[in-house]
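# Topology and contacts: notes
Now for the letters of each chain:
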Amino acid sequence: MGLQTKIALFPPRRLNCPLRCRCVSQISTHGNTMKDTDIKRLLYTHLLCIFSIILSVFIPSFFLENFSILETHLTWLCICSAFVTAVNLLLYLVVKPTASSKKSSLSHKITRFLKCCIYFLMSCFSFHIIFVLYGAPLIELVLETFLFAVILSTFTTVPCLCLLGPNLKAWLRVFSRNGVTSIWENSLQITTISSFVGTWLGALPIPLDWERPWQVWPISCTLGATFGYVAGLVISPLWIYWNRKQLTYKNN
Amino acid sequence: MRLGSGTFAACCVAIEVLGTAVFLRGFFPAPVRSSARTEHKEPPAPEPSAGASSNWTKLPPPLFSKVVIVLIDALRDDFVFGAKGVKFMPYTTYLVEKGAAHSFVAEAKPPTVTMPRIKALMTGSLPGFVDVVRNLNSPALLEDNVIKQAKAAGKRIIFYGDETWVKLFPKHFVEYDGTTSFFVSDYTEVDNNVTRHLDKVLKRGDWDILILHYLGLDHIGHISGPYSPLIGRKLSEMDSVLMKIHTALLSKERESSLPNLLVLCGDHGMSETGSHGASSTEEVNTPLVLISTAFERRPGDTRLPKHVQQTDLAATLAIGLGLPIPKDSVGSFLFPIVEGKSMREQLRFLHLNTVQLSKLLQENVPSYAKDPGFEQFKMSEKLHGNWIKLYLEENHSEVLFNLGTKVLRQYLDAMKILSLSLSTQVAQYDLYSMVVGTVMVVEVLTLLLLSIPQALCRKAQLEVPLSSPVFSLLFYLMFLVLSAVHVIVCTSAESSCYFCSLSWLAAGAVMLLISALLCAIVSALTKVFMDGSFLSKSPAHPDSRWSELDLLILFGTLGHVVSLGASSFVEEEHQTWYFLVNTLCLALSQEIYRSYFLGDSCEPQCHFPMDQGFDSLAPALQDRTGGGVSEHDKVHEGPSPFELLRGHERWMVLASPWLILTCCRLLRSLNQTGVQWAHRPDLGHWLTSSDHKAELSILAALSLLIIFVLVQRGCSSVSKAALALGLLGVYCYRAAIGNVLFPWQQGNRDISKGIIEARFVYVFVLGILFTGTKDLLKSQVLAADRKTKTVGLWEIYSGLVLLAALLFRPHNLPVLAFSLLIQTIMTKFIWKPLKHDAAEITVMHYWFGQAFFYFQGNSNNIATVDISAGFVGLDTYVEIPAMFLTAFGTYAGPVLWASHLVHFLSSQTSSSSALSHACFCYALICSIPVSTYIIFVTSLRYHLFIWSVFSPKLLYEGMHLLITAAICVFFTAMDQTSLTKS
């Protein structure tokens, strides 16, 4: 059972793995109860992520003076990003370690980790470029824009890296129509898309002339991204639960 | 009757234009006016008195013998009262701070454009918004005004400056010299032409009023903004002019018994970018300084300038000159100017002004008796009478003084409240005309929406139920009811109504149209329901999932439409379009990557999302199933769209969205528009500053080269040569008027108007357009192959590009070049390989067209219209060509994208009905915002920003609709040629 859940949590990346075929048959025999426990796990992990974001709002105020989301926005961005990354990694390490360690050596692990870091940085830079293309100032507020890119990468790239690893083909598969192969990938798709949509919607209030502190670049966008991410975390287990009858993962 | 969807859409847009015109006529209200004719002279109100009869029944005598008004265009309040004033206008600052002067900050009401401001200053009324549109050819001012009164009183008036005055007040000046305000690049000559008369006139002294209107400062603002070093120099020049006039007036004063008055004022301010027209604080606040020896100033008495209304000047001048106050004036005179007079005289002046205001209120507000200002006025008039009685009884005691002060305070209060309630009640909307216009527009929109399924089907034809209304009872009933309503409204309305003033025949025709449209909607609705019930039985189409692009297009359109309800989003509409276009590019890149990387391995249903058209409803799917399936199969059986491309082209496909995004980002930083971020430094200002002429020249030349390279590929050899010569002519024209330099020409050359060069280009524009038209006709008459038609369309397109290149300012030429570049990239690497359907391509063209409208530096503000485009190649202001050129210059972006759309669709051989589909979609996507905006504006008509933000946008929308109508007609014509051929 333990092995099964682990595999179901983090499906292996290689399609021709013999281990996998065995699991598929087992999972299909287990049927709905299997799915329900999976969804429960998904819900718990997501609640943990939401909890980490809430903590990132409250904990720093014990240690730092004058901490508030709006005034010391950059600090909060760093802290929130660190918290979410930590929780994601933690979940990955707690649930995952055996699945790939069987075949991979330490050096393989390290290259994999380095690759992940490079991917993360690349995603930060590409988000930064996209923001500038969207009209963010090129020279002023570079740090703000970059930290915004970092937090958006934390919400989108980090879970992808944890779940799929530095494997572009798998990413493309997950983010194309009907390419999802498990509940986890499905929830990943939903949270990522909702983070993006949240960011996109977060840009809308900027031109309004209300002169509120949260309308300053990039606060509304980062808040939008955070709300989008949280909304995705909440919605995806519910959505999967509601559609559990219709959901069939073809390659699973 | 069967109609092609293109023709149908064109008809719909034409009706919509009519409806919008009626709406606009009703929306832009007639300003507050006194109904009494000016010819008929009323005796001035006698002094009120209780019982005893006063001997003061005539107008009080003038306070000043000579008045000089120095109006400096775009004089902002801080240019006089701020740090700039201290630095550059020492004499004026001295007068303001220490001398015998009263200084005020006069608040101008938007639109802050010269002609309405002059009207406001001289009539004291608030001109309607329509005055902005009529700004270009100012007709004579018919309303009662100070100048007219002064002339009637036999005063001799001399005017030098902006010739708008001469047009507004023809035959009022005994001597004048008008300077034209349209050559914005000239800021020294224009003022020297005013100042050169000064010495002579000041020495002569055979005049009573002297008006000087200096334009130089405004021109500097337009060229280089309020922080230009030129501003300081101009202000010092103005200061010396003031000093000259003031000393001359002081020396003259010894000869006459009465003191003289010198007025320094501005017509409007200057925004942070140097333009004007809107309602920011910098544009609205102007200084108003009254200088006269009559004003006593205790030493050490320094006070901040008080805020007053610009309209107050008319009443002040009238009282100062002993004239009746203009009838339409909503201003209250500036009380400090009579502070030195006796109590009785002060009260007399106050009484005159309040009587005039309350009369105006009585004529314009039905419930005037309940107005607090009017009540206050009645009370103070009674008190005033008592005071006069006491006064005439020779009771010069403390009691009299106290009572007098009380009356004075009450009068001032009454005047303030009256003035305020009059100016808030600028006018009533002509609701009836507005409703008629709205009903027409909304009906047309509903009809368009209902006919989507039919219009976007493969045949692109639809049944227009025209015969059924003629025989239906509903039609006649509707017509009767509407006629009855019309008669009732028109006979009962107290206020004037434009729609009632139309002839009965025209009104009846409009009513017929409305009821016919209603019947058409009803029959279309029943048809939809019938089809719908039929459809629900049949199984749903398996392919009905919309692609992300379709969703984006749908939500983008909806979001944009909804955003028009918020004033900030209207002000910053360019942000909406840039945002949408960027998202569109990202969605396209996602689509490209998906079909590039996953195109081969994925299952059929996720292989290639079938494009359903962004708004095709279920019946459309049903209709298209037949063709859709075959197309679908074709796609799958054939090779992946990318396999046809060669190696480097594949890379280009992958890079193209990013290339387009980069272009858009560059263009975005070229012209900052809108309101909030308009003051940010941008490339356009950097390029136009005189230090960077060389860079501008290089950029302009490069852009022209790119334009040539991109445009010539589709042209015949004759037009190629014409295009090259034309573009060369454009550069020569810009060099002639001094915008750019030739490499061999160093330093400043004499600047001409460049008439010859511009006309040289016009010849080529007309030549290319003629060749294009000839090709089109040939393809129609001789049934020649499609190629002739494509070439003809491309030639028309290149003619328009050449015209745009001539009209655009040189720093905007990159906009044109990038527009062509993006069109080329999109055509080659996105639309052709991805095989979008006509509806999607149309919407994309529309979005890019809108974005380019703002890339050009336009905004939803009247001030950003580049009127200099109307003077290219013209000696003087000729109305029709100037209007046409300005309109084309402003809407060049949307027009060029639309004509590219026509060419692109007719060059694609895929579908014969593509052009009809495109025409229909274009009409629909343009009419959705217009109709919604009309409803928004109607509901927001008492919004605070209705005049400054929503009205200009309404004018822009109306103009855009007109241009859309023209485009749709062109579309339909092209469609007809293809139909007749086949």
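What you see is a predicted model; the values in this text were computed from it and never measured. (Residues numbered from 1 in each chain as written. Chains lettered and ligands numbered in written order. Predicted model: local features only at pLDDT ≥ 70, side-chain atom pairs only at ≥ 80, totals over all residues. Heavy atoms only, no water.)

## Observations concerning the overall build of chain B
Heads up, the condition is: The helix count covers DSSP runs of H or I at least four residues long, the strand count covers runs of E at least two residues long, and both are numbered beginning at the N terminus. Three labels apply to residues, based on accessible area from a 1.4 Å probe with only protein chains included: buried if under 20% of the type maximum, exposed if over 50%, partly exposed otherwise in between. Contacts are assigned to residue pairs with any non-hydrogen atoms lying within 4.5 Å of each other.
Helix and strand content of chain B: 40 helices and ten strands. Here chain B, with 982 residues, has 58% of them falling under the buried criterion. Sequence separation of 24 or more characterises 79% of the internal contacts of chain B that already satisfy a separation of 6 or more.

## Describing the overall build of chain A
Our working definition: For every accessible area listed, the method is Shrake-Rupley and the probe measures 1.4 Å; residues are considered covered only by the protein chains on display.
In terms of regular secondary structure, chain A is built from eleven helices and zero strands. Expressed as a percentage of the 252 residues in chain A, the buried residues total 49%. Sequence-distant contacts, at least 24 apart, represent 71% of the contacts inside chain A between residues at least 6 apart. For chain A, the accessible surface area stands at approximately 13100 Å², while carbon and sulfur atoms represent 71% of it.

## Let's talk about a nonpolar patch on the surface
For the record, the criterion: Patches in this entry comprise residues that are over 30% relatively accessible and not in a salt bridge; like charges within 9 Å are linked, as are nonpolar side chains (Val, Leu, Ile, Met, Phe, Trp, Tyr) within 5 Å. Just to be clear on terms, a salt bridge is a Lys or Arg side-chain nitrogen sitting within 4 Å of an Asp or Glu carboxyl oxygen.
Taken together, the side chains of A:Val234, A:Ile235, A:Leu238, A:Trp239, A:Tyr241 and A:Trp242 define a hydrophobic patch exposed on the protein surface, amounting to about 630 Å² of accessible area. The residue A:Ile235 is located in helix H11 (residues 219-242) in this model.

## Quick notes on the packing of aromatic side chains
One pair of aromatic rings is described through two measures. These are the centre distance and the angle between the planes. The line we're drawing: Between rings of Phe, Tyr and Trp, where Trp is taken as its six-membered ring, a pair exists when centres lie within 6.5 Å; planes separated by under 30 degrees are stacked, by over 60 edge-to-face, and by other angles tilted. Whether a charge lies above a ring is judged from NZ of Lys or CZ of Arg, which has to be within 6 Å of the ring centre and within 35 degrees of the ring normal.
Throughout the structure, instances matching the rule amount to 38 aromatic pairs over all chains. Between the aromatic rings of A:Phe155 and A:Tyr229, the centroid separation amounts to 4.4 Å while the plane-to-plane angle is 15 degrees, which identifies the pairing as stacked. Within this pair, whereas A:Phe155 is found in helix H8 (residues 142-164), its partner A:Tyr229 is found in helix H11, the two being separated by 74 residues in sequence. Each member of the pair, A:Phe155 as well as A:Tyr229, is classed as buried. A centroid spacing of 5.1 Å and a plane angle of 15 degrees characterise the contact between B:Trp387 and B:Tyr391, whose relative ring orientation is stacked. Residue B:Trp387 and its partner B:Tyr391 are located together in helix H16 (residues 372-392), separated by four residues, close to a single helical turn. Accessibility expressed as a relative area gives 25% for B:Tyr391, which makes it partly exposed. Among the aromatic residues, those joined into a ring-pair cluster are A:Phe127, A:Phe131, A:Phe148, A:Phe196 and A:Trp217. Between A:Arg244 and the ring centre of A:Tyr241, over which it is positioned, the NZ or CZ distance is 4.2 Å. Sitting over the face of the ring of B:Trp207, B:Lys66 holds its NZ or CZ atom 5.3 Å from the ring centroid.

## Describing the side chain of B:Thr576
Structurally, B:Thr576 can be placed in helix H26 (residues 573-597). For B:Thr576, a relative accessible area of 14% puts it in the buried group.

## Details of the pattern of salt bridges
For the structure on display, the rule yields 16 salt bridges over all chains. For A:Arg173, the salt bridge is made with A:Glu185, and the minimal N-O distance between the two is 3.2 Å. Of this pair, A:Arg173 sits in helix H9 (residues 168-174) while A:Glu185 sits in helix H10 (residues 183-202); the two residues are twelve residues apart in sequence, bridging distant segments of the chain. Residue A:Arg173 is classed as partly exposed on the basis of its relative accessible area of 22%. The salt bridge partner of B:Lys953 is B:Glu957, with a shortest N-O separation of 2.8 Å.

## Observations regarding the environment of A:Ile206
For A:Ile206, the location among the structural elements is in the loop between H10 and H11. Here A:Ile206 falls in the buried class, since its relative accessible area comes to 17%. As a C-alpha pair, A:Ile206 and A:Val216 span ten residues in sequence and 7.1 Å in three-dimensional space. The residues contacting A:Ile206, other than those within four sequence positions of it, are A:Gln215, A:Trp217, A:Ser220, A:Cys221, B:Gln676 and B:Trp677.

## Structural notes on the pairing of strand E4 (residues 157-162) of chain B
All names here are of chain B. We apply this condition: Pairing between two strands requires that DSSP report at least two bridges joining them.
Extensive coverage of E4 is indicated by the burial of six of its six residues. By the bridge criterion, five bridges tie E4 to strand E6 (residues 209-214) in an arrangement that is parallel. Bridging from a neighbouring strand, Ile 158 pairs with Leu 210 of E6.

## A closer look at the sheet that holds E4(B)
Residues and elements named next belong to chain B. The condition that has to hold: To define axes, lines are fitted to C-alpha atoms, for helices over the stretch in contact only, and angles between the resulting N-to-C directions are given on a 0 to 180 degree scale.
A sheet is described by the order of its strands in space; here eight strands give the open sequence E5-E4-E6-E2-E7-E8-E3-E9, paired in mixed fashion. Single-partner strands in this sheet number two, and they are strand E5 (175-179) and strand E9 (306-309). In this sheet, neighbouring strand axes are inclined to one another by 15 degrees on average, regardless of whether the strands run parallel or antiparallel. Bridging between strand E2 (residues 67-72) and strand E7 (residues 261-266) involves six bridges; their strand directions are parallel. Bridge pairing links Ile 72 to Gly 266 in E7.

## Concerning the interface of chain B and chain A
This is how it is decided: Defined here as a combined quantity, buried area equals the accessible surface (1.4 Å probe) lost by two parts on assembly, summed across both. Two N or O atoms count as a polar contact when they lie within 3.5 Å, although within protein this holds only if one can serve as hydrogen donor and the other as acceptor, and sequence-adjacent residues are included solely when both atoms are side-chain atoms. Ten residue types, Ala, Val, Leu, Ile, Met, Phe, Trp, Tyr, Cys and Pro, are classed as nonpolar, four, Asp, Glu, Lys and Arg, as charged, and the remainder, Gly among them, as polar.
Counting residues at the interface gives 29 residues for chain B, matched by 21 residues for chain A. Summed over both partners, the interface of chain B with chain A comes to about 2300 Å²; 62% of that surface belongs to carbon and sulfur atoms. Inspection of the region where chain B meets chain A yields zero salt bridges. In this assembly, chain B and chain A are joined by eight residue pairs in polar contact (both at pLDDT 80 or more). Per-element accounting of the side of chain B that touches chain A gives the leading share, eight residues, to H26(B). Here the side of chain B that touches chain A is composed, by residue class, of 14 nonpolar, eight polar and seven charged.

## Some thoughts on helix H33 (residues 755-781) of chain B
Cut-off, in case you're wondering: Expected span, for any helix, means 1.5 Å times one less than how many residues it has.
With 27 residues, H33(B) should reach 39 Å at 1.5 Å per residue; the first-to-last C-alpha distance of 38 Å fits that figure. Residues B:Ile755, B:Ala758, B:Val761, B:Tyr762, B:Phe764, B:Val765, B:Ile768, B:Thr771, B:Gly772, B:Asp775, B:Leu776 and B:Ser779 constitute the buried set of H33(B).

## Some details on the confidence of the model for chain B
Residue and element names in this part refer to chain B. As a reminder, the rule being used: The quantity known as pLDDT measures the predictor's confidence residue by residue, on a range of 0 to 100.
On average, residues of chain B score 82 in pLDDT, and 85% of them are at 70 or above. Looking at the elements of chain B, mean pLDDT is at its lowest for helix H27 (residues 604-607), recorded as 36, and at its highest for helix H36 (residues 838-855), recorded as 94. Confidence drops under pLDDT 50 across residues 537-543; counting only partners more than four residues distant or on other chains, this segment forms six contacts. Of the regions scoring below 50 in pLDDT, residues 600-639 engages in 64 contacts with residues more than four places distant in sequence or in other chains. For this predicted complex, the interface confidence reaches an ipTM of 0.85, while the overall pTM sits at 0.75.

## Side note on the side chain of B:Asp239
All names here are of chain B. To be explicit about the condition: His is not counted here, nor are the chain ends, while Lys and Arg score as positive and Asp and Glu score as negative.
With respect to the secondary-structure elements, Asp 239 resides in helix H12 (residues 229-253). Although buried, Asp 239 forms no salt bridge, and the nearest oppositely charged side chain, Lys 244, lies 13 Å from it. Setting aside anything within four residues of it in sequence, one finds Asp 239 in contact with Phe 88, Met 89, Pro 90, Tyr 91 and Thr 92.

## Some thoughts on helix H21 (residues 473-492) of chain B
All names here are of chain B. The line we're drawing: Throughout, the arc means the angular range of directions from the helix axis out to the C-beta atoms.
Spanning 20 residues, H21 covers 28 Å between terminal C-alpha atoms, matching the ideal 28 Å at 1.5 Å per step. Those residues of H21 lying buried are Phe 475, Met 478, Leu 482 and His 486. One side of H21 holds all its buried residues, which, seen down the axis, span an arc of 70 degrees. Turned more than 90 degrees from where H21 packs its buried face, Leu 473, Leu 480, Ile 488 and Thr 491 sit exposed.

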